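Spelled out, the chains give:
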Amino acid sequence: MADTIFSKIIAGEIPCHRVYEDDKVFAFLDISPLSKGHTLVIPKEPAITIDQLSDESSAAIGRVLPRLSRAVLRATGATAFNILQNNGVGAHQAVPHVHFHIIPKFADGSGLGIGWPARQLSPEEGKQLAATIAGYVTGT
Ligand code: 5GP
């Protein structure tokens, strides 16, 4: 897999403001924060999108995300925050290495702006779609 800016950060070839590291996870401040404390949490495994990430790395990230979120909240005084995880260029992913954003939201409006163009789900479509997805869960 090609080197990305994040694998170079993990390797120490590019500087960052590191906030956490263990054998599977690395976390550091975003270079262009949406708000104070905007932090990136990444697996050391060089998967591009989360559907390609191993169960082990996924579990390791899940284990520390709440702790890192609490630390960001305590450090910034924020009480609200978003966790954002983009997959694919079409979904606003700029760096092809899995990453979770922890983005504090402040009263001044800084933080993540969200568009939420909700649509309708009919009972029939919901039943069919849920069954299809459920069928794939075990097979993937
Ligand atoms: P994405 O749009 O892929 O979900 O977000 C990528 C994030 O990585 C952006 O918020 C961007 O500011 C951050 N980023 C890109 N290059 C660097 C870098 O070299 N250092 C740090 N700390 N963050 C970076």
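Residues numbered from 1 in each chain as written. Predicted model: local features only at pLDDT ≥ 70, side-chain atom pairs only at ≥ 80, totals over all residues. Heavy atoms only, no water.

A.B. asks: Whenever I open this one, the overall build of the chain confuses me. Can you help?
C.D. replies: On a plain count of helices and strands, the chain comes out with three helices and five strands. Each helix (α) and strand (β) of the chain, taken in turn from the N terminus, gives the series α-β-β-β-α-β-β-α. Principal-axis analysis of the C-alpha atoms places the extent of the chain at approximately 50 × 40 × 25 Å. When burial is assessed residue by residue, the chain has 34% of its 140 residues classed as buried. Contacts in the chain between residues at least 24 apart in sequence constitute 54% of all its contacts with a sequence separation of at least 6. Separation of charge centres in the chain, based on 12 positive and 13 negative side chains, amounts to 8 Å. (Helix = DSSP H or I, 4+ residues; strand = E, 2+ residues; numbered from the N terminus. Buried < 20%, exposed > 50% of the residue type's maximum accessible area, 1.4 Å probe, protein only. Contact = heavy atoms within 4.5 Å. Lys, Arg positive; Asp, Glu negative; His and termini not counted. Charge placed at Lys NZ, Arg CZ, Asp CG, Glu CD.)

A.B. asks: What's the story with the pattern of salt bridges in this structure? I'm lost.
C.D. replies: Note on pairing: side chains with opposite charge can pair once their charged atoms come close. This model, assessed by the stated rule, comprises three salt bridges. Its salt-bridge partner being Lys-44, residue Glu-21 comes within 2.7 Å of it at the nearest N-O pair. Placement of the pair is Glu-21 in strand 1 (residues 18-21) and Lys-44 in the loop between strand 3 (39-43) and helix 2 (55-76), with a sequence separation of 23 residues. Judged by its relative accessible area of 36%, Glu-21 falls in the partly exposed class. As a salt-bridge pair, Lys-24 and Asp-23 come within 3.9 Å of each other at their nearest N and O atoms. When salt bridges with common partners are traced through the structure, they connect Arg-18, Glu-21 and Lys-44 into a single cluster. (Salt bridge = Lys/Arg side-chain N within 4 Å of Asp/Glu carboxyl O.)

A.B. asks: Could you clarify how one ought to interpret the site of the ligand in this entry?
C.D. replies: Within the structure, the ligand sits among 16 residues, and Asp-30, His-92, Ala-94, His-99 and His-101 are positioned closest to it. Taking Val-95, its main chain carries an N or O atom lying 3.1 Å from an oxygen atom of the ligand. Contacts to the ligand include His-99, whose side-chain N or O atom sits 2.8 Å from an oxygen atom. Within the complex, 83% of the 520 Å² of free accessible area of the ligand lies under protein. Here the residues of the shell around the ligand sort into nine nonpolar, six polar and one charged. (Near = heavy atom within 4 Å. Polar contact = N/O pair within 3.5 Å; in protein donor to acceptor, adjacent residues only side chain to side chain. Areas by Shrake-Rupley, 256 points an atom, 1.4 Å probe, with all protein chains shown as cover. Nonpolar A, V, L, I, M, F, W, Y, C, P; charged D, E, K, R; others polar.)

A.B. asks: Before we go on, may I ask you to explain the pairing of strand 5 (residues 100-105) in this structure?
C.D. replies: If a strand is regular, its side chains alternate between the two faces of the sheet. Buried residues dominate strand 5, accounting for five of its six residues. In this sheet, strand 5 lies alongside strand 3 in antiparallel orientation, the contact comprising three bridges. In the strand pairing of strand 5, Leu-40 is matched with His-101. (Pairing = 2+ DSSP bridges.)

A.B. asks: What is the right way to read unusual backbone geometry from this model?
C.D. replies: Across residues other than glycine, the phi torsion is negative in most instances, and most of the peptide bonds are trans. At His-92, a position not held by glycine, the phi torsion is positive, near 75°. One can find His-92 in the loop between strand 4 (80-84) and strand 5.

A.B. asks: Just to check I follow, could you spell out the sheet that holds strand 3 for this structure?
C.D. replies: In a beta sheet, neighbouring strands are held together by backbone hydrogen bonds and run either parallel or antiparallel to one another. Read across the sheet, five strands follow the order 1-2-3-5-4 without closing on themselves; strand pairing throughout is antiparallel. The strands lining the two open edges of the sheet, one partner per strand, are strand 1 and strand 4. Going across the sheet, the axis of each strand differs from the next one's by a mean of 15°, ignoring polarity. Running at roughly 20° to strand 5, helix 2 makes contact with strand 1, strand 2 (25-29), strand 3, strand 4 and strand 5 of the sheet. (Axes fitted to C-alpha atoms, helices over the stretch in contact; angles between N-to-C directions.)

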